[in-house]
Structure formats: C-alpha cells, structure tokens
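# Descriptive analysis of the structure
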Amino acid sequence: QVQLLESGGGSVQAGGSLRLSCAASGRTFSSYVMGWFRQAPGKEREFVAAITWSGEYTLYADSVKGRFTISRHNANNTVYLQMNSLKPEDAAVYYCAADPLLTSRWTDYDYWGQGTQVTVSS
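Residues numbered from 1 in each chain as written. Predicted model: local features only at pLDDT ≥ 70, side-chain atom pairs only at ≥ 80, totals over all residues. Heavy atoms only, no water.

In terms of helices and strands, the protein carries zero helices and eleven strands. The helix and strand sequence of the protein, counted from the amino end, reads β-β-β-β-β-β-β-β-β-β-β. The C-alpha radius of gyration of the protein comes to 13 Å, within 12% of the 14 Å expected for a compact globule of 122 residues. Put simply, the protein has 122 residues, and 42% of those count as buried. In the protein, the proportion of contacts linking residues at least 24 apart, taken out of those at least 6 apart, comes to 58%. With 10 positive and 10 negative side-chain charges, the protein shows a spacing of 3 Å between the two charge centroids. (Helix = DSSP H or I, 4+ residues; strand = E, 2+ residues; numbered from the N terminus. Rg over C-alpha atoms; globule rule 2.2 N^0.38 Å. Buried < 20%, exposed > 50% of the residue type's maximum accessible area, 1.4 Å probe, protein only. Contact = heavy atoms within 4.5 Å. Lys, Arg positive; Asp, Glu negative; His and termini not counted. Charge placed at Lys NZ, Arg CZ, Asp CG, Glu CD.)

Dropping the structure here:
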C-alpha cells in the first residue's frame, strides 16, 4: 500500500503560479512512477504529468508543456508539480497517483491521493 497526500492547492489569478506537493508513505516510494492528474467539474479525469522513479524520464500533457514541471525528491518521499502561467482552464482538482509503469492512462494507476483544489481566476 502507498498512501498519498496532496497539498499546495489554492486560488490564483491567471498568469500566476502554484506548486503542488504530494507526500507518500507506505511501500517504497522510489520504486513507483508518480503522476499528476486533474478533474474539472463535469469533465473526465485527465493526465497532466508523470515522472519515473529516477526522475530521468518525464511525460507531460500537451496542454501543460512548457508551463508545468514535475519533479520528485525520493529522500523525503515527495513529488512536486510546479505550475506557472496558469490559465482559467487549468482550474480543477489535482490528484497525485502512483504506478509501477510510466503511463498517462489514469486507469493504470494503483494508488491515489484525495486531491487538492486549484482555482484560477481570469
């Protein structure tokens, strides 16, 4: 079992920045790929970014490339999502998730956090 707890959400104006954190506990964090997903009201959950256990490989949704950066610190079992140049369409509940493989399909991920709300005003 892996327990995940997101933090760092909040309200910002368009063009602003936020950094989300996801603290993991339980089984060996460093052996998992960590991903970020988001879900806006009335929309399907969508992939945002993912990072391999070593941090060597990352994957981003086209909609966030160049604006968001995923990183991880295995020593303190935490993965981060730095979000810059935020747009109103980025508003959603953001979830972190863990999986053994690098994938953008949310159905593949085994473990999920509770989510953190991001609101972006225009």
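Here a disulfide denotes one covalent bond, and it connects the sulfur atoms of two cysteines. Applying the stated criterion across every chain yields a total of one disulfide. Through a disulfide, C22 is tied to C96; the S-S separation comes to 1.9 Å. Looking down the S-S bond of the C22 and C96 bridge, the torsion is 45°, so its handedness is right-handed. Taken together, the positions of C22 in strand β3 (residues 18–26) and C96 in strand β9 (residues 92–99) put the pair 74 residues apart, joining distant regions of the chain. Note on accessibility: C22 and C96 belong to one class, buried. (Disulfide = S-S within 2.5 Å.)

Evaluation of the coordinates by the stated rule reveals five salt bridges. One salt bridge connects D62 with K65, and the closest N-O pair in it is separated by 3.2 Å. We classify D62 as exposed; its relative accessible area is 64%. Put simply, R38, E46, R67 and D90 are held in one network by salt bridges that share partners. (Salt bridge = Lys/Arg side-chain N within 4 Å of Asp/Glu carboxyl O.)

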